[in-house]
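Residue-level listing of the chains:
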Amino acid sequence: MAELGFEVLGVDVDQSKIDSLSSGRVPFYEPGLEDVLTRNLAAGRLRFTTDYAQAAAFADVYFICVGTPQQATSNAADLRYVDAAVETLAPLLTRPSVVIGKSTVPVGTAARITAQFHALSPAGEAVEVGWSPEFLRESHGVEDTLNPNRIVVGTDSPRVEQVMREISASQIARGIPFLVTDLQTAELVKVAANAFLATKISFINAMAEVCEAVGADVIQLAEALSHDDRIGGKFLGPGLGFGGGCLPKDIRAFMARADELGVEPALSFLREVDAINQRRRARTIDIARGLIGGSFAGRTVGVLGAAFKPNSDDIRDSPALDVAATIGSLGARVTVYDPEALENAKRAYPQLNFAHTMVEAVRDAEVVLLLTEWAEFRSADPDELGKVVAEKRIVDGRNALDPDHWRAHGWTYRALGRP
Ligand code: UDX
């Protein structure tokens, strides 16, 4: 928003994050974000605070962007952070205001929150609510925010639509589609998009399972499918499957909500999507175990990758760390390297060993697993790694390497869905 020219005050309850952002440091790894942050701090358009009252005195428009993780004890979304933001902000709104939800929420939440603002705010119904789902991908966050492939605004208020058109004016002028819907459709667009993406990944991973049964090659299969532009090649990458802070929890929360709405059968296929995804992790472990003779007990294993995807330090529901931790629990000595996610991984998985270079992670390994496709791993030199491993065996969990190249350099190469 500051980059688009607006005056912005960012609020968070975590003082250490506010301190970090105020001093120009992004408290997580996101390519390009630090430049945007420092540029807009310097321009005086962007400030940060933990004080909601300051925000209420300052703003005309509020964006609620807090997380909606999975509940610890069910598939449903945990709305406590959204509720806390609403309950803290609402009593402070004395002037007519526009509140836009960006958080991914179960359909129906925006209507409930609208009623809450009307009930709790001194400005009453002069607080108007819209919902504008956020479609950015981590690691492409800056680009996806400045140049989204669409802007969706759910509202039944002409004023909310007008305000969002003003805020998005430069993007609309560049031809970015701007769609106005009712609140519930906007809420659904987000979860439907993530459900579709997850389904596409699990579809190709299901094909990988079939390929494994008959010795076919899922990479060739995916490429052949991709030339049909009704199918397309994006999100058709077979491998260890999806993780992260969005796709897994969003498909589960969507199923939980469908259950509450009495349309559980409509989304029962997402249970399969989730199950296919989880089976890829088990399959990766089985392939590695097979390569070292059937047991991990007392064996040495090198793992390349900890983040849920490359160019991120996010380890939420990371397939890589899930696989690494399971192999560790089966008795192996597992050493993990990741270019950016090591600190987060160390905190969450103290039982694993961590190395600060790729070579150190695979030293003496009897099998190496590539589990996050960082560019550094894609371009790894099989001879350089071959000199330090105990045995030249690699499981390519992301179909990121050239099998012929690695085999030509003496490695036993295995991948998901390929002979
Ligand atoms: C996702 C959506 O893409 C984004 O629109 C939404 O706003 C938030 O959720 P993100 O979680 O950042 O974004 O990651 P994404 O790039 O979608 O990747 C998700 C997971 O799918 C990763 O673990 C990735 O490795 C995996 N993936 C992706 C595949 O396994 N195969 C593919 O072909 C593509």
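Residues numbered from 1 in each chain as written. Predicted model: local features only at pLDDT ≥ 70, side-chain atom pairs only at ≥ 80, totals over all residues. Heavy atoms only, no water.

1. Brief notes about the environment of Ala-56
Then, number 1: Along the polypeptide, Ala-56 turns up in helix α3 (residues 52-58).
Then, number 2: In this structure, the C-alpha to C-alpha distance between Ala-56 and Thr-94, residues 38 residues apart in sequence, is 8.3 Å.
Then, number 3: The residues contacting Ala-56, other than those within four sequence positions of it, are Tyr-62, Leu-92, Leu-93 and Arg-95. (Helix = DSSP H or I, 4+ residues; strand = E, 2+ residues; numbered from the N terminus. Contact = heavy atoms within 4.5 Å.)

2. Thoughts on the sheet that holds strand β9 (residues 333-337)
Then, number 1: A sheet is described by the order of its strands in space; here six strands give the open sequence β10-β9-β8-β11-β12-β13, paired in parallel fashion. Lying at the two open borders of the sheet, with one neighbouring strand each, are β10 (353-354) and β13 (412-415).
Then, number 2: Each of β11 (367-370), β12 (393-396) and β13 is contacted by helix α12 (residues 269-291), which is oriented at about 170° to β12, the strand it contacts most.
Then, number 3: Lying over the sheet, helix α13 (residues 319-329) contacts β8 (300-304), β9 and β11, oriented at roughly 160° with respect to β9. (Pairing = 2+ DSSP bridges. Axes fitted to C-alpha atoms, helices over the stretch in contact; angles between N-to-C directions.)

3. Let's talk about the nonpolar core
Then, number 1: Grouped together as the largest cluster of nonpolar side chains are 53 residues, with contacts concentrated most on Val-301, Ile-327, Val-334 and Leu-369.
Then, number 2: In terms of residues, this core owes the most to one element, α13, which gives five residues.
Then, number 3: Those residues in contact with Ile-327 that sit more than four places away from it in its chain are Ile-285, Phe-296, Val-301, Ala-332, Val-334 and Leu-369.
Then, number 4: Core analysis: the second largest hydrophobic core is formed by 27 residues, Ile-64, Trp-131, Leu-183 and Ala-186 among them. (Core = buried A, V, L, I, M, F, W, Y, C linked by side-chain atoms within 4.5 Å. Buried < 20%, exposed > 50% of the residue type's maximum accessible area, 1.4 Å probe, protein only.)

4. Section: the site of the ligand
Then, number 1: Surveying the vicinity of the ligand reveals 20 residues, the closest of which are Phe-135, Leu-136, Glu-138, Gly-237 and Lys-309.
Then, number 2: Phe-135 is positioned such that a nitrogen or oxygen atom in its backbone is 2.8 Å from an oxygen atom of the ligand.
Then, number 3: In this structure, Arg-398 approaches the ligand through a side-chain N or O atom, which is 3.4 Å from an oxygen atom.
Then, number 4: A total of four residues in the shell around the ligand trace back to one element, the largest contributor, which is helix α9 (residues 183-214). (Near = heavy atom within 4 Å. Polar contact = N/O pair within 3.5 Å; in protein donor to acceptor, adjacent residues only side chain to side chain.)

5. Considering the environment of Glu-30
Then, number 1: Mapped onto the elements of the fold, Glu-30 is located in the loop between α1 (15-22) and α2 (33-42).
Then, number 2: What makes Glu-30 buried here is its relative accessible area of 11%.
Then, number 3: Distance from Glu-30 to Glu-138, taken between C-alpha atoms, is 7.1 Å for residues 108 residues apart in sequence.
Then, number 4: Apart from residues no more than four positions distant in its own chain, Glu-30 is found in contact with Arg-137, Glu-138, Ser-139, His-140, Gly-141 and Val-142.
Then, number 5: Here the side chain of Glu-30 touches Gly-141 through a polar contact of 2.8 Å, landing on its backbone nitrogen.

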